[in-house]
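Residues per chain, in single letters:
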Amino acid sequence: MIQDTVWGVSIVLMGALALVFVWVASAAKPAVANYGPIVDAAYRIRVWLFGLALIALIGTNYKTLGELPYVNALAQSPATAAQPVQAVAEQWAWTITPSTFKVGQTAEFHVTTKDVNHGFALYDPDFRIVAETQAMPGYTNVLRYTFSKPGTYKVLCLEYCGVAHHAMMAEIKVTDR
Amino acid sequence: MTMAVAAGRTAINPRAAVIGYLAVSGIVLLLMMLLGLMMRLAQAQWIAVPPNFFYMVMTMHGAGMVGIAGLSSAAVMWHFVRRYVPVSTAVFLTNLVFFLIGAVLILGAGFIGGFGAAWTFLFPLPAHSGGLWSVNAAASYLFGLVFIGVGFLLLHLDIARGILSVYGGLGAALGVKQAFGLADAKDGPPPAVTASTMVLIVNILGILLGAAVLVVSLVNLYVPSFTFNALAAKNMIFFFGHVFINATIYMSVIAVYEILPVYAHRPWKTNWAFYLAWVLSTVFVLTVYTHHLLMDFAMPTWALVAGQVISWLSGLPVLLVTAFGTLTVVYRSGLRWNPAAALVFLGVAGWSIGVIPAIADGTIAVNSVMHNTQWVPGHFHIYLLLGMVAMVLGFMTYLTNPQPRSGFAWTGYWLYVAGGVIFVLAFLLAGSISVPRRYAVHIAPWLPYDRMGSIGASLAIVGVLILVARFFAGIRTAASAKDPS
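Remember, predicted model here, so these are calculated numbers, not experimental data. (Residues numbered from 1 in each chain as written. Chains lettered and ligands numbered in written order. Predicted model: local features only at pLDDT ≥ 70, side-chain atom pairs only at ≥ 80, totals over all residues.)

A few words now on the overall build of chain A. A tally of helices and strands in chain A yields 2 helices and 9 strands. When its helices and strands are written in sequence order, chain A yields α-α-β-β-β-β-β-β-β-β-β. A compact globule built from 177 residues should have a C-alpha radius of gyration of about 16 Å, whereas chain A, at 24 Å, is more than 25% larger. Its C-alpha atoms give chain A principal-axis dimensions of about 75 × 45 × 35 Å. Within chain A, buried positions represent 32% of all 177 residues. At a minimum sequence separation of 6, the contacts of chain A that also span at least 24 residues come to 64%. (Helix = DSSP H or I, 4+ residues; strand = E, 2+ residues; numbered from the N terminus. Rg over C-alpha atoms; globule rule 2.2 N^0.38 Å. Buried ≥ 20, exposed ≤ 12 C-beta atoms within 10 Å, placed from the backbone. Contact = placed C-beta atoms within 7 Å.)

And the structure:
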C-alpha cells in the first residue's frame with residue numbers, strides 16, 4: 001500500500017539526514033586551518049545533491065500527477081460505468097445510499113454535508129484508508145473507487161466536526177461477484 | 001540611526017522586553033505541552049476525560065502553541081534585527097500586551113465557555129457547537145485571535161518602517177539583486193534583515209486575510225443569515241494558518257544565523273544562494289498553502305497541482321541552503337559544543353528532517369490516503385517541537401551565557417531530544433496505519449502508538465522544563481549582558 005512505501009522511504013531518508021547531522025556534529029573538532037578547499041568540495045557535492053533532488057522531484061511529480069483522484073463526473077466513459085452513491089454527512093452521522101456493492105464494481109461517491117465541513121475516508125476491511133475526500137457545505141465532491149476486496153468497509157469522518165467527530169462511522173458491505 | 005540613540009528615546013529596556021517575551025513563552029510552552037500530554041494520555045486510555053473536554057483542550061493546545069511560536073520567534077527576530085534597523089520598543093511591548101489580552105479571551109472561551117472548534121476555527125463550525133459552547137464563547141475565541149493578529153501586524157509594520165528607512169525598499173532588504181547576481185553579495189543585507197523582510201511580507205498578507213475570515217466568522221455567529229462561501233473561508237483560514245506558523249520557523253532560524261557563527265568562529269556565508277533561497281521562500285510560503293486543500297476536489301485542479309509541485313520545491317532552499325550552510329559552518333570549525341549551539345543545531349536538523357514527511361503528504365496521491373491521519377501532527381511536530389522550539393530554546397540558553405560543561409543542561413537537552421523523537425515517531429507510525437488525527441476516543445489497535453507517544457511526550461516535557469528552568473535561573477545574566485556595538 002502507498003502508506004507503507006511512504007513510511008519506508010521516509011524513515012530511511014530521515015534516518016540518513018539525522019546521521020549526517022550527527023556525523024558533522026562529531027566532526028566539529030579539530031579545527032582545520034585552511035577551510036577553503038573543504039568548502040569548495042562541499043559546494044561541488046551540493047551541485048550533485050541538487051541534481052539528485054531535481055531528478056527525484058521531476059520523476060515523482062511526473063508519475064503521481066498522472067494518478068490524480070479528481071473526477072470530472074461528466075467525463076465518465078461507458079466502459080467504466082460507475083454506480084452513483086449519495087454520501088451525505090451531518091453532525092454526527094453518515095447517510096450512504098446504496099451501501100452494498102460487489103467486488104469489481106466502481107462506486108462514484110457524491111459527497112456533501114448538511115452542516116459543517118466533514119471528511120469522507122473509506123477504510124478497507126484491514127482498516128487502512130484507500131480513498132478520501134472532503135465533505136463541504138454547498139459543494140458535492142465526486143470520488144470514484146473500485147472495490148477489489150470483499151468484506152466490510154468503513155467510512156470514518158476525517159475532518160474535525162465537533163464533539164462526536166470520532167463516533168461518525170458508517171459501513172459499506174462488499175460481496176464476491 | 002544607531003541602536004544607542006533608539007534606546008535613549010524610550011525608558012523601556014529593550015533587552016528586558018525580549019526577556020519578557022521569552023519568559024511568557026517558556027511558561028506557556030510548558031503549560032501547552034502538559035495539555036498535549038493530557039490528550040495523548042486520554043487517547044492511550046491511561047486517563048479518562050469526556051470528549052468535549054478533550055476537544056476543548058485540543059483547541060487550547062493548538063491556539064496556545066501557535067501563539068507562543070509566534071511570540072518567541074518574534075523575540076528572536078526583534079532582538080537581532082534591531083542591531084541593524086531602528087525599531088520601537090513601545091510597539092514591541094504593545095504586541096505583548098495585545099497577545100496577553102488575546103490569550104485571556106482565548107483561554108476564557110475554552111476553559112470557561114467550553115469552546116472546542118479546534119484552533120483552526122474552520123467555518124462554519126464555531127457557530128455549530130451542537131449545544132456545547134455559546135455564541136459568546138466562540139466570539140471570545142475569535143476576538144482573541146484578532147487581538148493577537150493585530151499585535152503582530154503592528155510589530156511587522158514597525159519593523160518594515162525601520163527596514164525601509166535603512167534599505168529604501170523591501171527588495172533591497174531581501175537581497176533580490178544579490179539573489180540574481182545583479183549586485184555583489186558582499187553588499188547584501190545581513191541575514192537577520194533578509195529573514196525579517198521575508199517574514200513581514202508573508203505575515204502582513206497572512207494576518208490580513210486571517211483577520212478578514214475572523215470578522216466573517218464573527219458576523220456569522222450573531223447574524224446566521226449572513227453566510228459565506230465555505231470553500232473561500234477555508235482558503236483564507238489555511239492561507240493565514242500556513243503562513244503564520246511557517247513564519248515562526250523563518251523568524252527563529254535567525255537564531256541559527258547569529259548564534260552558531262559565534263561558537264564556531266566562522267561567519268554565516270550570505271552568498272547569492274542564500275539570498276535566492278530567501279526570495280524563493282517568500283514566494284513559496286505564499287503560494288503553497290493549497291497543499292492543505294488537496295482533498296477539496298471542488299478546488300481548481302491547477303491550484304492543487306501547484307500545491308504539490310511547490311511543496312516539493314520548498315524543500316530545496318531548506319535542505320540545500322539552510323541545512324547545508326549549518327553543516328558547513330560547523331564542520332571542522334573547532335566548535336566546542338555547549339547547550340545553546342547544540343540546540344540551534346538540533347533546530348536545523350529538525351526542520352530539515354521534517355521536510356521529508358511534509359513533502360510526502362504534500363503529494364496528492366499520498367494525501368489521498370494520509371490526509372488528516374496522525375501523519376500530519378507527526379510531521380508538524382518535527383518542524384515545531386524539534387525545529388522551531390529548539391531554535392528558540394537555543395536563543396534562550398545563549399542569552400544566559402552557557403558553558404560547555406553545564407551538566408544539568410545537557411541532561412535536559414538529551415531528554416528533550418530522545419522524548420521528542422519517540423513522540424514524533426509514534427505519530428508517523430500511527431499515520432502510516434491510518435489512525436485519524438483529532439479523535440478524542442481511540443480503539444484498541446491504536447493504543448500502543450498512543451502509549452509510545454505519551455512516554456515520549458513525558459520525557460520531552462521534563463527536558464524542556466530543565467532548559468526553561470535554567471533560563472529563569474540565568475535571567476539576571478541574560479538581562480545584564482551587553483549587546484554587541
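Now for the interface of chain B and chain A. Listed by partner, the interface residues are 60 residues for chain B and 65 residues for chain A. Secondary-structure elements contributing two or more residues to the side of chain B that touches chain A are helix H3 (51-81), helix H9 (230-264), helix H11 (301-330), helix H12 (339-361), helix H13 (364-370) and helix H15 (407-432) of chain B. Here the side of chain B that touches chain A is built from residues that sort into 40 nonpolar, 17 polar and 3 charged. (Nonpolar A, V, L, I, M, F, W, Y, C, P; charged D, E, K, R; others polar.)

As a further point, take the packing of helix H1 (residues 2-26) of chain A against H12 of chain B. Contact geometry of H1 of chain A with H12 of chain B gives a least axis separation of 9 Å together with a crossing angle of 165°. With respect to each other, H1 of chain A and H12 of chain B are oriented roughly antiparallel. Relative to H12 of chain B, H1 of chain A is oriented so that their crossing is right-handed. In this structure, H1 of chain A contributes Val6, Ser10, Leu13, Met14, Leu17, Ala18, Phe21 and Ala25 of chain A to the contact, and H12 of chain B contributes Phe345, Ala349, Ser352, Ile353, Ile356, Pro357 and Ala360 of chain B. Per-class residue counts for the contact of H1 of chain A with H12 of chain B are 13 nonpolar, 2 polar and no charged. (Axes fitted to C-alpha atoms, helices over the stretch in contact; angles between N-to-C directions. Parallel < 35°, antiparallel > 145°, perpendicular 65-115°, else oblique. Left-handed = near helix turned anticlockwise from the far one by under 90°.)

Let's shift gears to the nonpolar core. Core analysis: the largest hydrophobic core is formed by 226 residues, its most contacted members being Met77, Ala195, Ile254, Ala255, Ile259, Leu260 and Val344 of chain B. In terms of residues, this core owes the most to one element, H9 of chain B, which gives 22 residues. A domain split of this core shows at least three residues from each of domain 1 (2-64) and domain 2 (82-175) of chain A. Excluding its chain neighbours within four sequence positions, the residues that come into contact with Leu260 of chain B are Thr326, Val329, Val330, Ala341, Val344 and Phe345 of chain B. (Core = buried A, V, L, I, M, F, W, Y, C linked by C-beta atoms within 7 Å. Domains from an automatic or database assignment.)

The next thing to look at is the environment of Ala469 of chain B. Residues and elements named next belong to chain B. Tracing the sequence through the fold places Ala469 in helix H16 (residues 447-473). Residue classification places Ala469 among the partly exposed positions, given that 15 C-beta atoms sit within 10 Å. Along the primary structure Ala469 and Ala409 are separated by 60 residues, whereas in three dimensions their C-alpha atoms are 9.6 Å apart.

What follows covers the environment of Phe239 of chain B. Examined against the element boundaries, Phe239 of chain B turns out to sit in helix H9. For Phe239 of chain B and Tyr84 of chain B, which are 155 residues apart along the polypeptide, the C-alpha to C-alpha distance reads 30 Å.

Moving on to the sheet that holds strand E1 (residues 83-90) of chain A. Residues and elements named next belong to chain A. Strand order in this open sheet of 4 strands is E2-E1-E4-E7, and the pairing throughout is mixed. Since the sheet does not close on itself, it has two edges, and those belong to strand E2 (93-97) and strand E7 (141-146), each with one partner. In this sheet, neighbouring strand axes are inclined to one another by 25° on average, regardless of whether the strands run parallel or antiparallel. Two strands pair when backbone bridges link them, and E1 and strand E4 (residues 106-113) are joined in this way by 7 bridges, in the parallel orientation. Paired with Val88 across the strands is Thr112, a residue of E4. (Pairing = 2+ DSSP bridges.)

The phi angle of most residues is negative, glycine excepted, and most peptide bonds adopt the trans form. The step from Gln91 of chain A to Trp92 of chain A runs through a cis peptide bond, and the omega angle for that step is 0°. The amide bond that connects Phe123 of chain B to the next residue, Pro124 of chain B, takes the cis arrangement and shows omega of 0°. By the element assignment, Pro124 of chain B lies in the loop between helix H4 (89-112) and helix H5 (135-167). Backbone geometry at Gln45 of chain B places phi at a positive 60°, although glycine is not the residue there. Looking at the element boundaries, Gln45 of chain B is found in the loop between helix H2 (14-43) and H3. Judged by local crowding, Gln45 of chain B falls into the partly exposed class, with 15 C-beta atoms found within 10 Å.

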